Amino acid sequence: MRAGVLGTVDGTFDAVGSVTETVTEDDTELERCLTVDRVFSLPSGEMAFAGRAAADELVDRTEATIEGDDIAISETTRTVTRYTDFAGVTGEFVVVGSGDGTFAFDLVAAETDTDIERATVDLDAVFDEHGDATPWKAGFFGASDDGVTGLFHGADLRESHDLQGILADARLNQLGLSHEYGDAEVKMTAARSGYVEVYRPTDFDSADYLAYLSDEVLPHVEGQTP
């Protein structure tokens, strides 16, 4: 796992257990399943876990049929099953494969008696901390009426744009950096909405990715105590 949406934990827990349950909604039985496939340690000694989650949900759908010279519209409700991979560090954070997988936050929270909320990442703080990094992507939203809104790509945006000047009246909502992390040269991208992806090294595994999130991203989650 090298990409996903970060959720922070309000509460503490030492382990996540696998669980399967059935709930009833609108007289329909819906299945929910949380499966922990692996428990392991990070180099820091923190306990980590990885697994899969799936949950049924009711989805309203509009259907159209042609009946002679007319078109008939009907509303139907069907059951769909959402699925995601997830991983995390006990009592700290959980990361799911995509925005569609954030339902797993609720499943892990219910199993561990905690609250898990999708993170908002202060990318300006991430950028400031990596003064020697090479920024290759930057998305901005105006912090004032004169603020810049847009998305830039380039080999090194420090050379092609006045990033510090732009940030005087804008905030980052997307950021791509190449920087040193331990013995590795990391190329990553992150969104203010909590999505973080590591493109390189390509041999990063789940443990490496979780350690990177813990070291480089979690301290800059808004509302998170350093």
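This report concerns the structure included in the present document.

Conventions adopted
One numbering rule holds for all chains: residues counted from 1, following each sequence as written. For this predicted model, a pLDDT threshold of at least 70 governs which residues receive local features, and a threshold of 80 or more governs which side-chain atom pairs are given and counted, while totals over whole chains, interfaces and linings are taken from all residues. Only hydrogens and water are removed before side-chain values are computed, so all heavy atoms of the structure are retained for them. Strands are runs of DSSP state E lasting at least 2 residues, helices are runs of H or I lasting at least 4, and numbering of each runs from the N terminus. Here a residue-residue contact requires only that any non-hydrogen atoms of the pair lie within 4.5 Å. The protein chains shown are the only cover counted for residues, whose accessible areas, like all others here, come from Shrake-Rupley with a 1.4 Å probe. Under the counting rule used here, the positive set is Lys and Arg, the negative set is Asp and Glu, and His together with the chain ends is not counted. Here the site of a charge means NZ on Lys, CZ on Arg, CG on Asp, or CD on Glu. Only protein atoms enter the calculation, which uses a 1 Å grid: trapped sets of points that fit a 1.4 Å probe without letting it out are cavities, open sets showing protein on both sides within 12 Å along at least five of seven lines are pockets, and any residue with an atom within 4 Å of a point is a lining residue. Grid points are joined across faces, edges and corners, and a volume is the space filled by probe spheres set on the points. Residues are grouped as follows: nonpolar covers Ala, Val, Leu, Ile, Met, Phe, Trp, Tyr, Cys and Pro; charged covers Asp, Glu, Lys and Arg; every other residue, Gly included, is treated as polar. Per-residue accessibility, obtained with a 1.4 Å probe over protein chains only, is compared with the maximum for each type, and a residue is labelled buried under 20%, exposed over 50%, and partly exposed between these values.

Of regular secondary structure, the chain possesses five helices and 12 strands. With respect to the three principal axes, the spread of C-alpha positions in the chain is 60 × 55 × 30 Å. Within the chain, contacts between residues at least 6 apart in sequence are counted, and of these 58% link residues at least 24 apart. Accessible surface, the chain: about 11,900 Å² in total, of which carbon and sulfur atoms supply 43%. Distance from the positive charge centre (14 side chains) to the negative charge centre (47 side chains) of the chain: 5 Å.

Following the criterion strictly, the structure yields one cavity of 30 Å³ or more and no others. The calculated volume of the largest cavity comes to roughly 30 Å³. Lining the largest cavity, in full, are Phe-127, Pro-135, Ala-138, Phe-140, Leu-163, Leu-167, Leu-172 and Leu-175. Counting residues per element, the lining of the largest cavity draws most heavily on strand 8 (residues 134-142), which supplies three residues. Split into classes, the residues belonging to the lining of the largest cavity amount to eight nonpolar, no polar and no charged.

Counted residue by residue, helix 1 (residues 103-112) has seven buried out of 10 residues, so it is predominantly covered. For helix 1, the full list of buried residues reads Phe-103, Ala-104, Phe-105, Leu-107, Val-108, Ala-109 and Thr-112. Close packing links the buried residues of helix 1 with strand 1 (3-10), strand 3 (28-41), strand 4 (47-67), strand 5 (70-89), strand 6 (93-96) and strand 7 (115-118). Asp-113 sits one or two residues past helix 1 and shows a positive phi near 55°.

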